[in-house]
Amino acid sequence: MDTAKQAQPTPEIPDGTDFSDVLLTSMEAGHILLENGAEIFRVEETMLRIGRHFGVTEEDVFVLSNGIFTTGGSKEHGHQESFARVQHIPMHSASLDKVVAINQLSRDVEAGKYTLEETKAQLQEIRNMPGKTHWKQILASGIGAGSFCLLLGGNFADAVAAVLAGLALYLFILKLSIPVLHLSRITENICGGAAATLLCLLFYRIGLGHNLGAMVIGSIIPLVPGVAFTNGIRDIADRNYIAGIVRMVDAILVFVCIAIGVGIVFLLWQQFGGGGVEL
């Protein structure tokens with residue numbers, strides 16, 4: 001049974017509290033969830049939890065992959081005015097620590113641990129949570145690349161090459177993503193796939209690694225939007241077809257761009273005398 005729909009007593013809105021402020025607070029929670037990779041049903045459930053706890057008995061939420069539509073009111077408490085708000089939320093990379101924090105906050109709010117003002121303060125703290133430092137992202141990229149190389153049948157030498165390629169790849173991606181360059185995601189992923197493949201080819205040529213296919217696939221894994229693709233499938237399974245299809249198309253576009261980058265490097269490698277390679 002959906003816990004967000006279980007019958008629970010509705011608390012009174014404290015004197016002086018504008019119900020629109022409650023709905024704006026619930027939208028802020030939904031905004032943070034959606035922009036950090038949460039599923040559509042989780043965003044809707046969290047917003048309804050917060051709104052219901054603070055006495056908003058009439059709230060409708062419509063969530064897409066990059067937007068939230070909210071309407072509401074609370075006639076039981078004498079509020080006759082209506083509320084309607086739309087927020088556009090650009091797609092970002094997933095930050096699951098913020099998703100976990102919002103999930104816990106919504107349950108704490110429902111348990112009565114926070115007032116509305118305290119909830120707003122907690123949301124601001126979660127929004128300001130620092131992301132992973134660059135060196136952690138680079139290290140994770142290298143470890144992930146080497147691990148997938150081993151899973152795909154590579155040996156220790158192949159994994160070492162994939163680790164080095166993964167480390168260099170994410171350093172390259174971080175340099176490409178600086179605001180001064182104004183590069184699109186398409187360009188970044190094509191360049192990233194090409195850079196990882198070129199490094200693997202160079203390592204393969206000097207004898208560091210023998211299973212080129214495992215090396216290349218392992219090294220490009222850090223570019224793959226696994227969370228977005230998985231959430232797209234989950235959204236479709238939950239009958240959120242529009243949001244699910246948009247997320248899956250966005251993920252598939254990344255896959256295609258990576259493949260284009262890999263293909264371009266292999267083509268140029270053969271055209272300019274690099275010779276054939278066995279994958």
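Because the structure is predicted, anything quoted here is derived from the model rather than measured.

Take the overall build of the protein next. A count of helices and strands for the protein gives 10 helices and three strands. In the protein, which comprises 279 residues, the share counted as buried stands at 43%. Taking the intrachain contacts of the protein between residues at least 6 apart in sequence as the baseline, contacts between residues at least 24 apart amount to 68%. On the protein, roughly 14500 Å² of surface is accessible, and the fraction owed to carbon and sulfur atoms is 63%.

The next subject is helix H4 (residues 116-127). Counted at 1.5 Å a residue, the expected span for H4 with its 12 residues is 16 Å, and the 17 Å between its end C-alpha atoms agrees. Listing the buried residues of H4 in full gives Leu-116, Thr-119, Leu-123 and Ile-126. Viewed end-on, H4 has its buried residues packed into an arc of 75°, placing them on one side of the element. Packed against the buried residues of H4 are helix H1 (19-35) and helix H3 (96-110).

Right, let's get into the layout of surface pockets. The volume enclosed by the largest pocket comes to roughly 1800 Å³. Around the largest pocket, the lining is made up of 42 residues, and of these His-92, Ser-93, Ala-94, Gln-137 and Tyr-170 lie nearest the centre. Listing elements by their share of the lining of the largest pocket, those giving two or more residues are H1, H3, helix H5 (134-151), helix H6 (156-176), helix H7 (185-205), helix H9 (226-237) and helix H10 (241-271). It is H5 that contributes the most residues to the lining of the largest pocket, six residues altogether.

The next point concerns the packing of helix H2 (residues 40-53) against H3. The N-to-C vectors of H2 and H3 enclose an angle of 30°; their axes lie 9 Å apart at closest approach. One way to sum up the angle between H2 and H3 is to call them roughly parallel. Regarding H2 and H3, the two cross each other, and that crossing is left-handed. Two secondary-structure elements touch here, H2 through Arg-42, Glu-45, Thr-46, Arg-49, Arg-52 and His-53 and H3 through Val-99, Ile-102, Asn-103, Ser-106, Arg-107, Val-109 and Glu-110.

With that settled, consider the environment of Asn-211. If you trace the backbone, Asn-211 turns up in the loop between H7 and helix H8 (212-220). We classify Asn-211 as partly exposed; its relative accessible area is 26%. Other than its neighbours up to four places away in sequence, Asn-211 contacts Gly-153, Gly-154 and Asp-158.

To continue, consider the nonpolar core. One finds Leu-34, Val-43, Val-63, Ile-68 and Ile-102 to be the most contacted residues of the largest nonpolar core, which totals 28 residues. Secondary structure elements with two or more residues in this core: H1, H2, strand E1 (58-64), H3 and H4. With eight residues, H1 is the single largest residue contributor to this core. Counting 25 residues, the second-largest nonpolar core is a separate cluster that includes Ala-145, Leu-176, Ala-194 and Leu-212.

The next point concerns the pattern of salt bridges. Under the defined criterion, the tally for this structure stands at 12 salt bridges. Residue Asp-21 pairs with Lys-120 through a salt bridge whose shortest N-O separation is 3.2 Å. Of this pair, Asp-21 sits in helix H1 while Lys-120 is found in helix H4, placing the two residues 99 residues apart along the sequence. The class of Asp-21 is partly exposed, set by a relative accessible area of 22%. Taking relative accessible area as the criterion, Lys-120 reaches 29% and is therefore assigned partly exposed. Two residues, Arg-127 and Glu-35, come together in a salt bridge whose shortest N-O distance is 3.0 Å. In this pair, Arg-127 is assigned in helix H4 and Glu-35 in helix H1, connecting sequence segments 92 residues apart.

Calculation rules
Residues numbered from 1 in each chain as written. Predicted model: local features only at pLDDT ≥ 70, side-chain atom pairs only at ≥ 80, totals over all residues. Heavy atoms only, no water. Helix = DSSP H or I, 4+ residues; strand = E, 2+ residues; numbered from the N terminus. Buried < 20%, exposed > 50% of the residue type's maximum accessible area, 1.4 Å probe, protein only. Contact = heavy atoms within 4.5 Å. Areas by Shrake-Rupley, 256 points an atom, 1.4 Å probe, with all protein chains shown as cover. Expected span 1.5 Å × (residues − 1). Arc of directions from axis to C-beta. 1 Å grid on protein atoms, 1.4 Å probe; cavity = no way out; pocket = protein on both sides within 12 Å on 5 of 7 lines; lining within 4 Å. Points joined across faces, edges and corners; volume = space filled by probe spheres on them. Axes fitted to C-alpha atoms, helices over the stretch in contact; angles between N-to-C directions. Parallel < 35°, antiparallel > 145°, perpendicular 65-115°, else oblique. Left-handed = near helix turned anticlockwise from the far one by under 90°. Core = buried A, V, L, I, M, F, W, Y, C linked by side-chain atoms within 4.5 Å. Salt bridge = Lys/Arg side-chain N within 4 Å of Asp/Glu carboxyl O.

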